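Descriptive analysis of the structure
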There are 2 protein chains.
Amino acid sequence: MVLWFRSQKSVGNIRRVRICESIHRGKGTGMTDTNRQFVLARHPDGELQESDFTWQEGPIPEPGPGEVLTRTLYLSLDPANRSWINKGGSYRDPVVPGQVMPGFTIGRVVASRYSGLDAGDIVESESGWQDFACLRGDDLYRLDADAPLELWMNVLGLTGKTAYFGLLDIGQPQVGETVVVSGAAGATGSVAGQIAKIKGCRVIGIAGSQEKCDWVRNDLGFDEAIDYKRQDMAEGLRAACPDGIDIYFDNVGGATLQAALLQMRRGGRIVCCGAVSQYDKAKRDPSPAGIPGLLIVRRLKMQGFIVMDHYGRRREAERELLHWVREGRIKYRLDIVDGLENAPRALIGLLHGDNVGKRMIRVAAED
Amino acid sequence: MVLWFRSQKSVGNIRRVRICESIHRGKGTGMTDTNRQFVLARHPDGELQESDFTWQEGPIPEPGPGEVLTRTLYLSLDPANRSWINKGGSYRDPVVPGQVMPGFTIGRVVASRYSGLDAGDIVESESGWQDFACLRGDDLYRLDADAPLELWMNVLGLTGKTAYFGLLDIGQPQVGETVVVSGAAGATGSVAGQIAKIKGCRVIGIAGSQEKCDWVRNDLGFDEAIDYKRQDMAEGLRAACPDGIDIYFDNVGGATLQAALLQMRRGGRIVCCGAVSQYDKAKRDPSPAGIPGLLIVRRLKMQGFIVMDHYGRRREAERELLHWVREGRIKYRLDIVDGLENAPRALIGLLHGDNVGKRMIRVAAED
């Protein structure tokens, strides 16, 4: 298999990534009369493989009463996707072989049998890894056209709102507190750290390369960054947080969570957002040592959450986040991969930490 | 060593337990001119032994400026005492060999060089395992004479307030929710479960004997009780909480915490109050499996606390708890052991679950 990445020079804060390969399937991204899709071939056994998915093409479906036919424009790739396809399940029913791979998307309404939406409307949807989907109109969220669609996939989207609710509602940052964010160069972590800065905290990022560390420190304004691939995590955290950590925003779990837990300060909060270090493993690491003892002794809170539980306040979050982006207080990078056919390898790369900023697939052109 | 327990018939809701032994030391509990004390002989290695303490007698100390001399009336025995004397420390500095064993007490002021207290005042103090102590007046809390002193050692004391703040502030029970309490026949668990009943919850207690289970179910009004020594915990919890647990008030840690964690319902809260199953072990059990994964997937909160952190609101708690006791909505048992000389074996018994209700030592008569 020939597979290579070509990183275009950053355009503003958008970096386009192309994954090209000498394959013949599904080259075009324009309007077609077939629906291309990836279905799950099997539950992965350990590290995700491209062969865990099957490409198939079929007819475009017809919307039923109350439904809408959407054309996928962008497909979000998120570490959580990997957890969905484990046999054991996650916060949603596990995907079963033969099922279209689910995924968060932005789409354009092509045909509507739902009174609240018209052809041409742009919606946030969960169409999955395919060109077209028929979805219940009630499940869709029409996007305000004020911001570029790419921003709706990113700071204003699932990952930005995850950072917003996780940090503010679960972490409850106070001015002057020390906040540590893992996966700091990822879509969620980069926003969580910047919100912590806005709230007057001292912010330390943990990321997996010099480039990522430079980005969060130099461009995003984090106070410090720790490269977990080159530094001892426990030592790095002790040096960066000599008085302890007030909030640890955890995107990764595993050894990083263990090191942070041991460095937590009395009354600290651990925001359990994700555990990307574990999703792609056949056998997960044991839970971090010190539970419940350390939680009691240091009066710590560990709390997990899923962003959708907070969607009663999604408009508040979107308004605030957009405001911060416009003020230049939240910066971002987009990591756009062209072509639905590249979804499996782009997800595999995401799980290996290849991305800086939000990774997404451009499935079709916006216009 | 000759050691036996004689349980007097319950008097009202007070059960007096005597531990008698053919030893000669410190028989009297009346006013003496010596200060009898237990000091830590060594950090225990695994299960606590009587020989981990040394009995000694010395002169009664003299209060310095701002200090008060107290005569200990009651000494509280709490599972946490065991964690304080481990080498590793706990939520307070570890006790070192040669130091008087610390403990929560109620005492009578004998002499005062502190303007806010007079001889004869009754105070909550931390005098430790001894007859007399000189303490800073600022550290003492004068007790309202409205309730019997035994109640101040129990429902109105440390354990009752631990139940109050842990359940209400950390657990945040809602009407109709399912609450599981371990150590349900203990001083803290029995009150936590009854407060949960007052708040309209369904309450399941976990305890270690038929007698304890009968007591929490029949006398305290818990909906169900599980005898963890005779039933499979996971099975018992699945049967008692088929729709899951909303709040798990954990006094014990270990295998019980693991079983409860797996049965938690979405949005559940685990109140990490204690881990008595672990304190007396040379090597603690590993953390329960499923962290952080389960916390995220089920949106769980695990939070540790120490009651003193909430003492800004202690009067509120005491008022409420006393009100519930007077209304007959909180019932209790006292497990009173006579004589300071019995403190080590009474603590060992507490760690083995010999008590029903609040265990304390009566060091001297109240009048």
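Residues numbered from 1 in each chain as written. Chains lettered and ligands numbered in written order. Predicted model: local features only at pLDDT ≥ 70, side-chain atom pairs only at ≥ 80, totals over all residues. Heavy atoms only, no water.

A separate point is the relation of the copies chain A and chain B. At an RMSD of 0.0 Å, chain A and chain B line up after a rotation of 180 degrees and a shift of 0.0 Å along the axis. Here the symmetry operator amounts to a two-fold rotation axis. Across chain A, the smallest distance between a C-alpha and the rotation axis is recorded for Met302 of chain A, namely 2.6 Å. Mapped onto chain B, 100% of the interface residues of chain A are again interface residues, and the two copies thus contact each other with one and the same surface. (Least-squares fit on C-alpha atoms with pLDDT ≥ 70 in both. Contact = heavy atoms within 4.5 Å.)

Residue and element names in this part refer to chain A. Segmentation of chain A into domains returns domain 1 (4–154 + 334–362) and domain 2 (159–308). A separation of 28 Å is found between the C-alpha centroids of domain 1 and domain 2. Across the contact, 23 residues belong to domain 1 and 18 residues belong to domain 2. Of the roughly 1,500 Å² buried where domain 1 meets domain 2, counting both sides, 55% is carbon and sulfur surface. The largest share of the area that domain 1 buries against domain 2 comes from Tyr91, Asn154 and Val356, three residues that together contribute 27% of it. Taken together, the connections running from domain 1 to domain 2 amount to one salt bridge. With a shortest N-O distance of 2.6 Å, Asp280 and Arg82 are connected by a salt bridge. Inspection of the domain 1/domain 2 interface yields eight residue pairs in polar contact (both at pLDDT 80 or more). Considering each element in turn, the side of domain 1 that touches domain 2 owes the most residues, four residues, to helix H1 (residues 79–84). Broken down by class, the residue content of the side of domain 1 that touches domain 2 amounts to eight nonpolar, eight polar and seven charged. (Domains from an automatic or database assignment. Buried area = accessible area lost by both parts, 1.4 Å probe. Salt bridge = Lys/Arg side-chain N within 4 Å of Asp/Glu carboxyl O. Polar contact = N/O pair within 3.5 Å; in protein donor to acceptor, adjacent residues only side chain to side chain. Helix = DSSP H or I, 4+ residues; strand = E, 2+ residues; numbered from the N terminus. Nonpolar A, V, L, I, M, F, W, Y, C, P; charged D, E, K, R; others polar.)

On to the sheet that holds strand E10 (residues 178–182) of chain B. The mixed open sheet is built from 12 strands, whose spatial order is E12(A)-E11(A)-E10(A)-E13(A)-E14(A)-E15(A)-E15(B)-E14(B)-E13(B)-E10(B)-E11(B)-E12(B). The open sheet is flanked by strand E12 (224–227) of chain A together with strand E12 (224–227) of chain B, the only strands paired with a single partner. Adjacent strand axes in the sheet meet at a mean angle of 15 degrees when their direction is disregarded. Taken together, the five bridges between E10 of chain B and strand E11 (residues 202–207) of chain B define a ladder with parallel strand orientation. Counted as the bridge partner of Val180 of chain B is Ile204 of chain B from E11 of chain B. In this fold helix H5 (residues 210–219) of chain A packs onto strand E11 (202–207) and E12 of chain A, with an angle of close to 170 degrees to the strand it touches most, E12 of chain A. In the packing of helix H4 (residues 187–198) of chain B onto the sheet, the strands contacted are E10, E11 and strand E13 (245–250) of chain B, and the crossing angle to E10 of chain B comes to about 170 degrees. (Pairing = 2+ DSSP bridges. Axes fitted to C-alpha atoms, helices over the stretch in contact; angles between N-to-C directions.)

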